[in-house]
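So the chains spell out like this:
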Amino acid sequence: MTGGGRGPIVYALANQKGGVGKTTTAVNVGACLARWGQRVLVLDIDPQANATSSLGLDKQAVPLSTYDVLVREVPLVRVIQPSGRERLDVIPASPALAGATVELVNQPRREYCLHQALAALRSSNPVPESGAEKAASTGSKGPDTGYDYVLIDCPPSLGLLTINALTATDGVIVPVQCEYLALEGLSQLARAIELVRRSLNPTLRLRGLVMTMFDSRTILAKQVVEEVQQHFPGRVFDAIIPRSVRLSEAPSYGEPIIDYAPRSAGALAYAALARELLMGDGRLQLVSMTVGR
Ligand SMILES: Nc1ncnc2c1ncn2[C@@H]1O[C@H](COP(=O)(O)OP(=O)(O)OP(=O)(O)O)[C@@H](O)[C@H]1O
Ligand SMILES: [Mg+2]
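First, a word on what this report is: a plain description of the structure on this page. Since this is a predicted model, take the numbers as computed values, not measurements. (Residues numbered from 1 in each chain as written. Chains lettered and ligands numbered in written order. Predicted model: local features only at pLDDT ≥ 70, side-chain atom pairs only at ≥ 80, totals over all residues. Heavy atoms only, no water.)

## With respect to the pattern of salt bridges
Short version of the rule: Salt bridges, as used here, are contacts in which a Lys or Arg side-chain nitrogen is within 4 Å of a carboxyl oxygen on Asp or Glu. Classification of residues uses two cut-offs on accessible area relative to the type maximum, computed with a 1.4 Å probe and protein chains only: under 20% is buried, over 50% is exposed, and between them is partly exposed. Helix numbering and strand numbering both begin at the N terminus, where a helix is a DSSP run of H or I of at least 4 residues and a strand a DSSP run of E of at least 2.
Enumeration according to the criterion identifies 12 salt bridges in this entry. R72 is the partner of D68 in a salt bridge, and the nearest nitrogen-oxygen pair spans 2.6 Å. Of the residues examined, D68 reaches a relative accessible area of 9% and is grouped as buried. With a closest N to O distance of 3.4 Å, R246 and E249 form a salt bridge. Of this pair, R246 and E249 both sit in helix α10 (residues 245-249), 3 residues apart, which is roughly one turn of the helix. On the basis of relative accessibility, which here comes to 42%, the residue R246 falls in the partly exposed class.

## Remarks on the layout of surface pockets
How we decide: Grid points spaced at 1 Å over the protein atoms alone were grouped into cavities, where a 1.4 Å probe fits but cannot get out, and pockets, open sets with protein on both sides within 12 Å along at least five of seven lines, with lining residues defined by an atom within 4 Å of a point. Grid points are joined across faces, edges and corners, and a volume is the space filled by probe spheres set on the points. Residues were grouped as follows: Ala, Val, Leu, Ile, Met, Phe, Trp, Tyr, Cys and Pro as nonpolar; Asp, Glu, Lys and Arg as charged; and all remaining residues, including Gly, as polar.
One number sums up the size of the largest pocket: a volume of about 380 Å³. Elements with a minimum of two residues in the lining of the largest pocket: α1 (22-35), α2 (50-54) and α10. Of the residues that constitute the lining of the largest pocket, the class distribution is 10 nonpolar, 11 polar and 4 charged.

## Some remarks on the site of ligand 1
Applicable threshold: Residues are counted as near a molecule or strand when any one of their heavy atoms sits within 4 Å of it. Think of a polar contact as two N or O atoms within 3.5 Å of one another; within protein, one of them needs to be a possible hydrogen donor and the other a possible acceptor, and neighboring residues in sequence only count if both atoms come from side chains.
Around ligand 1, the structure places 18 residues, and the nearest of them are K22, T23, T24, P242 and S244. G19 places a polar main-chain atom, nitrogen or oxygen, 3.0 Å from an oxygen atom of ligand 1. Between ligand 1 and P242 there is a distance of 2.8 Å, counted from a nitrogen atom to a backbone nitrogen or oxygen. Those elements giving two or more residues to the shell around ligand 1 turn out to be α1 and α10. When its residues are assigned to classes, the shell around ligand 1 shows 6 nonpolar, 8 polar and 4 charged.

If you want it as structure tokens, here you go:
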């Protein structure tokens, strides 16, 4: 795995099933990691651009987006936008991204576009401390390579955009909604990950499954968690994300849950998940569990 201060750890939030919590997890884990001193880049590769707007950016107004990175080979550092939060930057998506798959169809190495773009961040130069604007303004002078984490928010499909994410990624984090038929589609996703590992990205691994929208009042939710744990032993994160109105409200304010409702159950759960990730990645250094400011 990359990391250990020599470049970012790159994770893709992927599940071809829609509405399972990919974006909510990317945004909120990203915000928690940033709060705890990690430099985080949320990279939105979904034409819906929900991660972009959940972090307060206007997807119609961003000057450059992931589309320009993939199709026009614009360097990543020129596309980075500050989120307005310390250590948290964004590569925004835009609706144009919906056409990228078609535009790339004749490109010989079309699965590697994002991988190639991220190579600039994987090199070892330390970052200018002022983050995105400075990196962007330095233009060709040198990329901002100081991120600790890149979190890629995938669309709900296993098409070329998701394949680009998996090819560029160290690990896949799979949000799974605690609902009836939760397991449906997971074996197809596991097969896709295995295929990409064999043919495009030999170091790719399943980082873990996150159970989302857990409703403690229902027996079904508990059964679903157990079932997924049985199918993927040792692969399910201990942190379980509760169903929470606060979590669903936060995006409309363009805020992560730790800003919008820092003491809510959702904020605590995402903080616990971020902590688990840091521990597993060997990056936990005296991290305070306090979520509020
Ligand atoms: N734990 C939660 N509790 C309540 N609502 C949630 C929770 N997690 C996500 N939501 C809401 O559920 C909806 C789907 O979540 P989200 O957008 O994160 O899923 P997704 O997998 O990214 O969807 P898509 O496949 O469309 O990209 C959103 O309206 C979101 O605000
Ligand atoms: Mg999404």
